[in-house]
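Listed here are the chains, written in short residue letters.
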Amino acid sequence: MAKAVPSKARVVIIGGGVSGCSVAYHLAKLGWTNVVLLERKQLTCGTTWHAAGLIGQLRGSQNMTRLAKYSADLYVKLEAETGIGTGMRQCGSISVALTNERKEELFRQASLARAFNVDVREISPQEIKEMYPHLNVADVVAGVHLPLDGQCDPANIAMALAKGARQNGAQVIEGVKVTSVTHKDGRVTGVTCVQEGETYTIEADHVVNCAGMWARDLAGTSGVTVPLHACEHFYIVTEPIPGLTRLPVLRVPDEATYYKEDAGKMLVGAFELKAKPWGMEGIREDFCFDQLPDDFDHFQPILEDAIKRMPMLETAGIHTFFNGPESFTPDDRYYLGEVPELKNYWVATGYNSIGIVSSGGAGMALAQWMNDGEPPFDLWEVDIRRAQPFQKNRRYLKERVTETLGLLYADHFPYRQMATARGVRRTPLHEHLKARGAVFGEVAGWERANWFAKPGQEREYRYSWQRQNWFENQREEHLAVRNGVGFFDMTSFGKIRVEGRDALSFLQRLCAGEMDVAAGRIVYTQMLNERGGIESDLTVTRLSETAFLLVVPGATLQRDLAWLRKHIADEFVVVTDVTAAESVLCIMGPKARDLMRRVSPNDFSNAAHPFGTARQIEVGMGLARAHRVTYVGELGWELYVSTDQTAHVFEALEEAGADLGLKLCGIHTLDSCRIEKAFRHFGHDITDEDHVLEAGLGFAVKTAKPAFIGREAVLRKQEAGLDRRLVQFRLTDPEPLLFHNEAVVRDGKIVSIVTSGNYGHHLGGAIGLGYVPCRGESEEEVLASTYEIEIAGRRVKAEASLKPMYDPRAERVRA
Ligand SMILES: NCCCC(=O)O
């Protein structure tokens, strides 16, 4: 008899794959009662059952490494806790590099992993051969070995998590299909579901969408955006191979393959460069433990390489040719957190084929997030609020996921850009800039000029871990900004209008800076959480008594809108996204004033237009609101121009700037200039985990204001002292490059990582920012240490500074 569907729950978790089971397990462990997990057919029957079950801790960032390590540690304990055999075996893993570029990537990841106590060692081809005798290592350059990596039986991991959840009071009910998530007044009220043809409703305070490849369509029924799409994922399993002994998991990313030895057979799987999207027309109602048809032609090139790499495969019979669907997201990162559209609607889904290793940690992090109302640490990388509303477009998704499947094993070069599904969001200057050599990158769907090629120069990236083909272009752009005048199209900035009778008091509560300023004043500020962590980094321009314009990074717009809307209490305030209404044309550099005088009759003197103010100006035959601010550390104006007048204003600037040497500049130059000035970048240097005082942004916090979110945490930190400080580093050797995630070494010991890096073309070396622990230490003591940065295992000397190395007294900005 079917298990009864309850009428009420504290939380309904939708989906009985490893993700849903992990969320249920962790909520139940936290003491949540009335936890109900609903599975449409049988536990694991969507994707989990056919996963390869590799548990690899080498990930691209600190928090993904932290979460993967958590999963590995949990899965080791799960069998003893639940009595279900999980097949978890710490057989170790080896990843091999066939090129020097791959070696650099693996060794950089190893440095990062070591900074977080993951056991990892760089190894030579000979050592690889000793550990993996079947492997042809003739062209192997190097590898890394993680002895505590492993493999498991994915279905049993999910079953064990489900049992652990039940043991702690959760209900796990199979055969119940959720048809919609109900909501009222912007918050979740429960679900409607069908069991054996009968429809039921469950009232619930929270709903968690863990529906894997069904998650997008289910979310869509409530107006929620969860952009993902299924792709076919292929592997083969051989017949038993005589004499095959236990082996570590092997990854050969340069050949897009992984190898898992299991019970004397080999499983060989692929992340081919061009994948096959699946399920465009929806997923069959009775889908349950289904496989997709073979496509041997598609897999054959992978298999040919695999046979050369491991010649014993040539004679091993193929027992299974497997093809199963898995979900992929537009940026190859999964989704976690509360959606911006509905309060208490959570997601943990879209795992891009690393669901088993990710779900243990993700379930823990989401459960803590739901329990505490804030994530346990910075999860911006996987936060659902990074998804853009347009990304639910199925044609976009279908095109993009052909690329994201292969990205798991592709070279993760710095500045690597997506090649598919481009051009959805363009600024009014797109064609102008393209005609002048722009090479575009993409953020939040926006096409942005990243650098400008010279006439005759190839307009494409040549990726590398060394200087890329645009390094010289960046140098020239950078020096033009420092010595002359540069132009940046920053239209992708998110623009939010906050207005209404209570707009001022609302922003006073949300922002740490003083908002009660005269109309026309611009305030650089942060929105903080109760821990003093930074939720948003922005400028607020007061437009009138009751209207403010908030300018945020394009990538954080949805997050910032959600944060603002979530905090509207019983007050009269309207929050509107006005991003598409205005372009942002930035004129930056010591000659910026000369250029503005040529295109406008207005007065640009310090007296008439001081730093930190905005006013309407005439420009060419149009109008703009000129904001005197800078993200590159120079004299300059950001011109906010109605989109219809943008091309005209640009042409006026270009014509007037020709004999001043006006240089078109890209985002890479914006970044290299800002890092010389030690301006922080949200998502890298400052996150919701980073206390505003430790981030060195105390100057923007006005504790004299009576109350704002995070004020108590600021006062507590002032009292208790800092635990760490954000420090700027310059490598003394001008050759090596910094990107981010390199280990920071203080007096010989790894203490943290570089949060962002770029080349300081004016300062003459790579520049990075990173936190240094400093409990009880003065600034002088912090600076008295010797610092090095570890880059792919090599240590390079670095100078450290707590003040910006470029223009420490901000004289240029106010010139
Ligand atoms: N689903 C396959 C996982 C591949 C990997 O962990 O490298």
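Criteria and thresholds
- Residues numbered from 1 in each chain as written.
- Predicted model: local features only at pLDDT ≥ 70, side-chain atom pairs only at ≥ 80, totals over all residues.
- Heavy atoms only, no water.
- Helix = DSSP H or I, 4+ residues; strand = E, 2+ residues; numbered from the N terminus.
- Rg over C-alpha atoms; globule rule 2.2 N^0.38 Å.
- Buried < 20%, exposed > 50% of the residue type's maximum accessible area, 1.4 Å probe, protein only.
- Contact = heavy atoms within 4.5 Å.
- Lys, Arg positive; Asp, Glu negative; His and termini not counted.
- Charge placed at Lys NZ, Arg CZ, Asp CG, Glu CD.
- Pairing = 2+ DSSP bridges.
- Axes fitted to C-alpha atoms, helices over the stretch in contact; angles between N-to-C directions.
- UniProt positions renumbered as here; feature names shortened; annotations may be inferred.
- Phe/Tyr/Trp six-rings, centres within 6.5 Å; stacked < 30°, edge-to-face > 60°.
- Lys NZ or Arg CZ within 6 Å of the ring centre and 35° of its normal.
- Domains from an automatic or database assignment.
- Buried area = accessible area lost by both parts, 1.4 Å probe.
- Parallel < 35°, antiparallel > 145°, perpendicular 65-115°, else oblique.
- Nonpolar A, V, L, I, M, F, W, Y, C, P; charged D, E, K, R; others polar.

Student: Give a description of the overall build of the chain that names residues and reports values.
Tutor: Regarding its fold elements, the chain presents 18 helices and 38 strands. At 27 Å, the chain has a C-alpha radius of gyration in line with the 28 Å of a compact globule built from 815 residues. Overall, the C-alpha framework of the chain stretches about 80 × 65 × 55 Å when taken along its three principal axes. By residue count, 62% of the 815 residues in the chain fall in the buried class. Across the chain, the fraction of contacts at a sequence separation of at least 24, relative to all contacts at a separation of at least 6, is 72%. If the 93 positive side-chain charges of the chain are averaged to one point and the 106 negative ones to another, these points end up 3 Å apart.

Student: Explain the sheet that holds strand S28 (residues 582-588) residue by residue, including any values.
Tutor: Taken together, the six strands give an open sheet; going across it, the order is S29-S30-S31-S28-S22-S32, and neighbouring strands pair in mixed fashion. The strands lining the two open edges of the sheet, one partner per strand, are strand S29 (614-619) and strand S32 (663-664). Judged from the two bridges that link them, strand S22 (residues 486-489) and S32 form a sheet pairing that is parallel. Bridging across to S32, Phe-487 finds its partner in Leu-664. Packing against the sheet, helix H15 (residues 646-657) makes contact with S22, S28, S29, strand S30 (622-627), strand S31 (636-642) and S32, and its axis sits at approximately 15° to S28.

Student: Which residues make up the UniProt feature "domain: FAD dependent oxidoreductase" (unreviewed entry) in the chain, and what values do they have?
Tutor: Residues annotated by UniProt as "domain: FAD dependent oxidoreductase" (unreviewed entry) correspond here to residues 10-369. Along residues 10-369 the backbone is 29% helical and 30% strand, and the end-to-end C-alpha distance reaches 15 Å.

Student: Run through the packing of aromatic side chains, naming residues and quoting values.
Tutor: What describes a pair of aromatic rings is the distance from one ring centre to the other and the angle between the planes of the rings. Within the structure shown, the criterion is met by 29 aromatic pairs. Between Phe-299 and Phe-321, the ring centres sit 5.5 Å apart and the planes meet at 80°, which makes this aromatic pair edge-to-face. In this pair, Phe-299 is assigned in helix H7 (residues 296-309) and Phe-321 in strand S17 (residues 318-328), connecting sequence segments 22 residues apart. Owing to a relative accessible area of 1%, Phe-299 belongs among the buried residues under this scheme. Plain terms: the ring middles of Tyr-524 and Phe-699 are 6.2 Å apart, the flat faces sit at 25° to each other, and that makes the pair stacked. Taken together, the positions of Tyr-524 in strand S24 (residues 522-528) and Phe-699 in the loop between helix H16 (667-676) and helix H17 (711-720) put the pair 175 residues apart, joining distant regions of the chain. Judged by its relative accessible area of 30%, Tyr-524 is partly exposed. Over the ring of Phe-471 we find Arg-467, and its NZ or CZ is 4.5 Å from the ring centre. Positioned above the aromatic ring of Tyr-806 is the side chain of Arg-482, whose terminal nitrogen or guanidinium carbon lies 3.8 Å from the ring centre.

Student: Please give an account of the UniProt feature "domain: FAD dependent oxidoreductase central" (unreviewed entry) in the chain that cites residues and values.
Tutor: Within this numbering scheme, the UniProt entry marks residues 372-426 as carrying the feature "domain: FAD dependent oxidoreductase central" (unreviewed entry). As annotated, residues 372-426 has a helix share of 27% and a strand share of 0%, and its two end C-alpha atoms lie 39 Å apart.

Student: Help me get a handle on the environment of Gly-612, residues and values and all.
Tutor: Position of Gly-612 relative to the elements: it lies in the loop between helix H14 (592-599) and S29. Using a relative accessible area of 7% as the deciding quantity, one classes Gly-612 as buried. Remark: the alpha-carbon pair of Gly-612 and Arg-746, spanning 134 residues in sequence, is separated by 37 Å.

Student: If you had to explain the domain arrangement of the chain to someone new, which residues and values would you point to?
Tutor: As assigned here, the chain comprises domain 1 (8-328) and domain 2 (722-815). When each unit is reduced to the centre of its C-alpha atoms, the spacing between domain 1 and domain 2 is 37 Å. Contacts between the two partners involve 11 residues from domain 1 and, on the opposite side, 12 residues from domain 2. When domain 1 packs against domain 2, the two sides together hide about 850 Å² of surface, and 53% of this comes from carbon and sulfur.

Student: How would you summarise the packing of helix H1 (residues 18-29) against helix H2 (residues 62-82) if you had to cite specific residues and measurements?
Tutor: Running from amino to carboxyl end, H1 crosses H2 at an angle of 75°, the nearest separation of the two axes being 14 Å. With respect to their mutual orientation, H1 and H2 come out roughly perpendicular. Of the residues in H2, those in contact with Val-18, Tyr-25, His-26 and Lys-29 of H1 are Tyr-70, Leu-74, Tyr-75, Leu-78 and Glu-81. A per-class count over the contact of H1 with H2 returns six nonpolar, one polar and two charged.

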